[in-house]
Each structure stands twice: as C-alpha cells, then as structure tokens.
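Geometric and topological summary
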Amino acid sequence: MADKCDLCLLGLIILSSLLTGTSGVDHVYISSGENVSLSCNKALSDCKSTTWIYKNRFSDSAGAELITGGIKNKDSERHERLSLESDCSLNIKNVTGEDYGLYRCRQYVNGEQQGPDADVFLRVLHVSVSSPSSSSSSSSSQTEISPGRSVTLSCQLYSYRYSCDDLVSYWGVELLWVNQTGVDLKTDSRYQILSSSAPDRCILTLTTTLLNEDDNREWRCQLTHRDQLETSVRYTVKYSAPVLCDDDVVYMWHYVLN
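Residues numbered from 1 in each chain as written. Predicted model: local features only at pLDDT ≥ 70, side-chain atom pairs only at ≥ 80, totals over all residues. Heavy atoms only, no water.

1. Some remarks on the overall build of the protein chain
For the protein chain, the helix and strand inventory stands at two helices and 20 strands. A total of 258 residues make up the protein chain; the buried ones form 41% of that total. When the accessible surface of the protein chain is split by element, carbon and sulfur atoms take 48% of a total near 14,100 Å². (Helix = DSSP H or I, 4+ residues; strand = E, 2+ residues; numbered from the N terminus. Buried < 20%, exposed > 50% of the residue type's maximum accessible area, 1.4 Å probe, protein only. Areas by Shrake-Rupley, 256 points an atom, 1.4 Å probe, with all protein chains shown as cover.)

2. Quick look at the packing of aromatic side chains
One pass over the structure, following the stated rule, counts seven aromatic pairs. Relative to Tyr-235, the ring of Trp-219 lies with its centre 5.6 Å away and its plane at 15°, an arrangement referred to as stacked. Of the two residues, Trp-219 sits in strand E16 (residues 218–225) while Tyr-235 sits in strand E17 (residues 228–239), which places them 16 residues apart along the sequence. For the pair shown, Trp-219 and Tyr-235 are each scored as buried. One aromatic cluster in this structure is built from Phe-121, Tyr-160, Tyr-162 and Trp-171. The ring of Tyr-54 has Arg-78 sitting right over it, with the charged end atom 4.1 Å from the ring centre. (Phe/Tyr/Trp six-rings, centres within 6.5 Å; stacked < 30°, edge-to-face > 60°. Lys NZ or Arg CZ within 6 Å of the ring centre and 35° of its normal.)

3. Here's the deal with the confidence of the model for the protein chain
A residue-level look at the protein chain finds 76% of positions with pLDDT of 70 or above and a mean pLDDT of 80. When mean pLDDT is taken per element in the protein chain, strand E7 (residues 90–92) scores highest with 97 and helix H1 (residues 2–19) scores lowest with 39. Taken together, the stretch residues 132–143 has pLDDT below 50 and engages in 25 contacts with residues farther than four places along the chain or on a different chain. Contacts of residues 243–253 to residues separated by more than four positions or lying in other chains number 27 contacts, the stretch itself having pLDDT below 50. (pLDDT = per-residue confidence, 0-100. Contact = heavy atoms within 4.5 Å.)

4. Here we look at the nonpolar core
Ranked by size, the top nonpolar core spans 53 residues in total, and within it Leu-38, Tyr-103 and Trp-177 carry the most contacts. The greatest single-element share of this core, amounting to eight residues, is contributed by strand E10 (residues 117–130). The residues touching Leu-38, leaving out its near neighbours within four places in the chain, are Val-28, Trp-52, Ser-89, Leu-90, Ile-92, Tyr-103, Val-120 and Leu-122. (Core = buried A, V, L, I, M, F, W, Y, C linked by side-chain atoms within 4.5 Å.)

5. Brief notes about the environment of Thr-96
Residue position: Thr-96 is located in the loop between E7 and strand E8 (101–109). Take Thr-96: its relative accessible area is 29%, and that puts it in the partly exposed class. Ignoring sequence-local partners within four residues, the contact set of Thr-96 consists of Ser-32, Arg-81 and Val-124.

6. Description of the sheet that holds strand E6 (residues 82–84)
Spatially, E2-E7-E6 is the arrangement adopted by the three strands of the open sheet, whose pairing is antiparallel. Only two strands of the sheet have a single neighbouring strand rather than two, namely strand E2 (36–38) and E6. Geometrically, the sheet is characterised by an average inter-axis angle of 25° between neighbouring strands, direction not taken into account. Sheet topology places E2 next to E7; three bridges connect them, and they run antiparallel. Note on E7: the bridge partner recorded for Leu-38 is Leu-90. (Pairing = 2+ DSSP bridges. Axes fitted to C-alpha atoms, helices over the stretch in contact; angles between N-to-C directions.)

7. Things to note about the pairing of E16
Taking burial as the measure, the eight residues of E16 include eight buried ones, the bulk of the element. Covered by surrounding structure in E16 are Glu-218, Arg-220, Gln-222 and Thr-224 together with Trp-219, Cys-221, Leu-223 and His-225, the residues of both alternating faces.

8. Some points on the side chain of Gln-156
Within the secondary structure layout, Gln-156 lies in strand E12 (residues 150–158). The class for Gln-156 is buried, based on a relative accessible area of 7%. Of the polar contacts made by the side chain of Gln-156, one reaches the side chain of Arg-201; its length is 2.4 Å. Once residues within four sequence positions are removed from consideration, Gln-156 is found in contact with Val-124, Leu-125, His-126, Ser-128, Arg-201, Cys-202 and Ile-203. (Polar contact = N/O pair within 3.5 Å; in protein donor to acceptor, adjacent residues only side chain to side chain.)

9. What about the pairing of E12?
A large share of E12 lies buried, amounting to eight of its nine residues. As defined by bridge partners, E10 adjoins E12 across seven bridges and the pair is classed as antiparallel. Looking at the pairing, Ser-130 lines up with Thr-152 of E12. Looking at chain direction, E12 and strand E15 (residues 201–209) are connected through nine bridges and run antiparallel. Among the inter-strand pairings, Leu-153 is bridged to a residue of E15, identified as Leu-206.

Here it is as structure tokens:
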C-alpha cells in the first residue's frame, strides 16, 4: 500500500509540472561559497527577452525578477553576484545559504511567452561551528578554543518547498558526517550526531570533544542524491604551537571550511 502511495505522489508531482507549463525541473546542490550556473531552456537566438524569476517562502506568489529582458535588476540584493551567460544560464557567484530557492527562466517575444518555463531548485549546503561554552556561533575561517572543550558542527541544507522527509523519501537525499577516509562518523561513539529540521532547512549536527591528536584531522559533511555525491564541506582542525600562560599550557586552534 505504501509503495502505491509513493507512486501516486510522484505522479502528482510530474503532472503538476506538466499543468504549470514547466518543461522540466532541475535540482542543483551546491556548497556555500562556491559559484553555480543555472540552466535555461533557450528557445530564442539571444537572451534579450529572457527573464529569471526567484522565489522562496519569503517571496510573494509572483516571485522577484532578477533578470528582466536580459538585464539585471539593480534592486536585487544579489545584483553584484549575478551574470547572464550567452546561453541564458544564470550565474551566481559566492553562493550563500540565503540563495536557496526556486529559479525560473522564462522567455518572451512581443509580450508572449515562448516555450515553457525552465525551473531550477537550488539547494545550498552550509556548515557553521559553535562551542557550548559560548553563546555565539561562527562560519568564518578562524576561531579559538582549547583542547578538551566540546565543539558542535552544524551541517545545514537549505531547501525550498520540499520538506526534509520528502527529500529523503522521494528524492533520495542524505546528509552524512564522515572522516577523511569517508567512514560514517555515526559509527564512532566519540561523536554525537543528531538530525533535526527547521523551516526550509535539514540539519545534521556533530558534537565532539577536541583531543590533542585532532591536529590536522578532517571531518566532512557530504550530501548524496540517490547515492551519488553532489557536494560536501570540509572541516579541518589545525593546532598552532602551545603557548605558556600562567604555568598553564594553552592551545590555539583554527578551522578551515571549504
């Protein structure tokens, strides 16, 4: 019975795309800080009549036009990071978590739409770090803490329209924390790994206590789609030389995210 329900839901999704005039739906996964190119089904000889519309849960029903008639909308907050390719693809530089959402490419001639919409769901993977001893969290490239302290890494997938359950059940999306050799860290009792969700976010947290031997150790949050690796974010601990202070040894460390 469950299998039949799953097939019915998938059929409704496909039918919805056909009824809304959408030629196809692309799903793109990218890590924050990277550049991405979103494809448009180009139906014209140039891009002068191309419009790119952006929607997320904070947008009104019509969405916001990022590109109108092949020209960037200067009122857009991401104006400086956008560009249009010769094939009408939309480029976004230095992607952030706030860039997640639905991007819709549409082309017109004399006010009439040419061809169906090309929809792209952009999902963004982002990692931040926090220490229970501090009320703040950081996603910058450097922070300080002493070995023996607990640290929490939060891996977040920003996704529009589809819930975490839908992404896992129907789209085959999975988040994992792994070590440098690709071994799932939930198999190691040293790490506490918890999954949760928030509006438009799937969250997988890793909590551990830093050890002296963690110098140069790499942890990686990776995202797979139907068992295929789509993107990942690495977290590497690097200790500097110990510093003596009031007869105590103080270790400084920083992490690198990319």
